[in-house]
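# Examining the three-dimensional arrangement
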Amino acid sequence: GESVGLHLPTLSVQEGDNSIINCAYSNSASDYFIWYKQESGKGPQFIIDIRSNMDKRQGQRVTVLLNKTVKHLSLQIAATQPGDSAVYFCAENGDTGNQFYFGTGTSLTVIP
Amino acid sequence: KAGVTQTPRYLIKTRGQQVTLSCSPISGHRSVSWYQQTPGQGLQFLFEYFSETQRNKGNFPGRFSGRQFSNSRSEMNVSTLELGDSALYLCASSSGGSLGYTFGSGTRLTVV
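Quantities reported herein were computed from a predicted structural model and do not represent experimental measurements. (Residues numbered from 1 in each chain as written. Chains lettered and ligands numbered in written order. Predicted model: local features only at pLDDT ≥ 70, side-chain atom pairs only at ≥ 80, totals over all residues. Heavy atoms only, no water.)

### A short note on the sheet that holds strand 1 (residues 5–7) of chain B
Residues and elements named next belong to chain B. Across the sheet, which stays open at both edges, the four strands sit in the order 1-3-8-7 with antiparallel pairing between neighbours. In the strand order of this sheet, the two ends are held by strand 1 and strand 7 (64–68), each with one partner. Averaged over all pairs of adjacent strands, the angle between their axes in this sheet comes to 20 degrees, without regard to strand direction. Pairing analysis gives three bridges linking strand 1 to strand 3 (residues 19–24), with the strands arranged antiparallel. Directly across from Thr-5, in strand 3, lies its bridge partner Ser-24. (Pairing = 2+ DSSP bridges. Helix = DSSP H or I, 4+ residues; strand = E, 2+ residues; numbered from the N terminus. Axes fitted to C-alpha atoms, helices over the stretch in contact; angles between N-to-C directions.)

### With respect to the pattern of salt bridges
Residue and element names in this part refer to chain B. Counting across every chain of the model gives eight salt bridges over all chains. In this structure, Arg-63 and Asp-85 form a salt bridge, with 2.8 Å as the shortest nitrogen-oxygen distance. Of this pair, Arg-63 sits in the loop between strand 6 (53–57) and strand 7 while Asp-85 is found in the loop between strand 8 (74–78) and strand 9 (87–94), placing the two residues 22 residues apart along the sequence. The same class applies to Arg-63 and to Asp-85, which are both buried. Ionic pairing is found between Glu-75 and Arg-67, a salt bridge with its closest N-O pair at 3.3 Å. A relative accessible area of 16% means that Glu-75 is categorised as buried. You can call Arg-67 partly exposed: its relative accessible area is 46%. Among the charged side chains, a salt-bridge network with shared partners connects Arg-63, Glu-82 and Asp-85. (Salt bridge = Lys/Arg side-chain N within 4 Å of Asp/Glu carboxyl O. Buried < 20%, exposed > 50% of the residue type's maximum accessible area, 1.4 Å probe, protein only.)

### Remarks on the interface of chain A and chain B
The interface is formed by 20 residues belonging to chain A together with 22 residues belonging to chain B. Roughly 1,500 Å² of surface becomes buried between chain A and chain B when both sides are summed, with 52% attributable to carbon and sulfur atoms. Along the contact surface separating chain A from chain B lie zero salt bridges. Here chain A and chain B share four residue pairs in polar contact (both at pLDDT 80 or more) between them. Those elements that provide at least two residues to the side of chain A that touches chain B are strand 4 (32–38) and strand 5 (45–51) of chain A. Among the elements that line the side of chain A that touches chain B, the one with the most residues is strand 4 of chain A, at four residues. For the side of chain A that touches chain B, the class distribution of residues is seven nonpolar, 10 polar and three charged. (Contact = heavy atoms within 4.5 Å. Buried area = accessible area lost by both parts, 1.4 Å probe. Polar contact = N/O pair within 3.5 Å; in protein donor to acceptor, adjacent residues only side chain to side chain. Nonpolar A, V, L, I, M, F, W, Y, C, P; charged D, E, K, R; others polar.)

### Side note on the state of the cysteines
If you walk through the whole model with that rule in mind, you get two disulfides over all chains. Residue Cys-23 of chain A pairs covalently with Cys-90 of chain A via a disulfide, S to S 1.8 Å. Across the S-S bond linking Cys-23 of chain A and Cys-90 of chain A, the dihedral sits near 55 degrees, which makes this disulfide right-handed. Pair noted here: Cys-23 of chain A is in strand 3 (residues 19–25) and Cys-90 of chain A is in strand 9 (residues 86–92), with a separation of 67 residues, a long-range link. Taken as a pair, Cys-23 of chain A and Cys-90 of chain A share a single burial class, namely buried. Through a disulfide, Cys-23 of chain B is tied to Cys-91 of chain B; the S-S separation comes to 1.8 Å. (Disulfide = S-S within 2.5 Å.)

### A closer look at the confidence of the model for chain A
Model confidence for chain A is summarised by a mean pLDDT of 89, while 91% of its residues fall at 70 or above. Of all the helices and strands in chain A, strand 1 (residues 4–5) of chain A carries the lowest mean pLDDT, 52, while strand 7 (residues 62–67) of chain A carries the highest, 98. (pLDDT = per-residue confidence, 0-100.)

### Describing the nonpolar core
Within the largest apolar cluster, 21 residues are counted, with the highest numbers of intra-cluster contacts made by Trp-34, Leu-46, Phe-64, Met-76 and Tyr-89 of chain B. Looking at this core, the elements with two or more residues in it are strand 3, strand 4 (31–37), strand 5 (43–50), strand 8, strand 9 and strand 11 (107–111) of chain B. Ignoring any residue separated from it by four or fewer positions in sequence, one finds Phe-64 of chain B in contact with Gln-36, Leu-46, Phe-47, Lys-57, Met-76, Asn-77, Val-78, Asp-85 and Tyr-89 of chain B. Core analysis: the next-biggest nonpolar cluster, separate from the first, contains 20 residues, Val-13, Ile-21, Trp-35 and Leu-73 of chain A among them. (Core = buried A, V, L, I, M, F, W, Y, C linked by side-chain atoms within 4.5 Å.)

If you want it as structure tokens, here you go:
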């Protein structure tokens, strides 16, 4: 099966600092990746995605970097805010393309 | 447009019973996927339906089943419930491929 892992299960950052959440994936056939944010009691919320033909994509305060050589994905959050506190998951679409494999998640805590 | 709707939000069942959960996808989305999320775990893929046909299935026992109706609404059923089935069950819909993979808020199932 697929293996999508996260380097750190928890991350604490000061408000206003930048956050970096890392993710390793195992299937070189994956061509689409998504970062999700999940707050307590809610379903995962789409943050940003990236296709394998790109190595960087930027959104509002978020940037995703993809390194296919080492099968590594990262999510950068600029000027982290208390509302960013949540669990963040990376997901890859694997071989089939319409099924996602998720990491175990990184819990981000923003310290005011 | 309305998001993915899951009902009920919360459910308490007794061991040995069966349960049916419902998911209404985003209008126009024909693919519905189901995931199980347990504390400390990532999201585990159950199955995916597209145009009333199961396209993919995860590594869950046969007690877990699903179906999709002609209006794309989907149900999943768990028979002979076990304590370990207590989890947040999430469904996600998309237009058919990987893009636009959107989750509902989930159904919290507790088996006692």
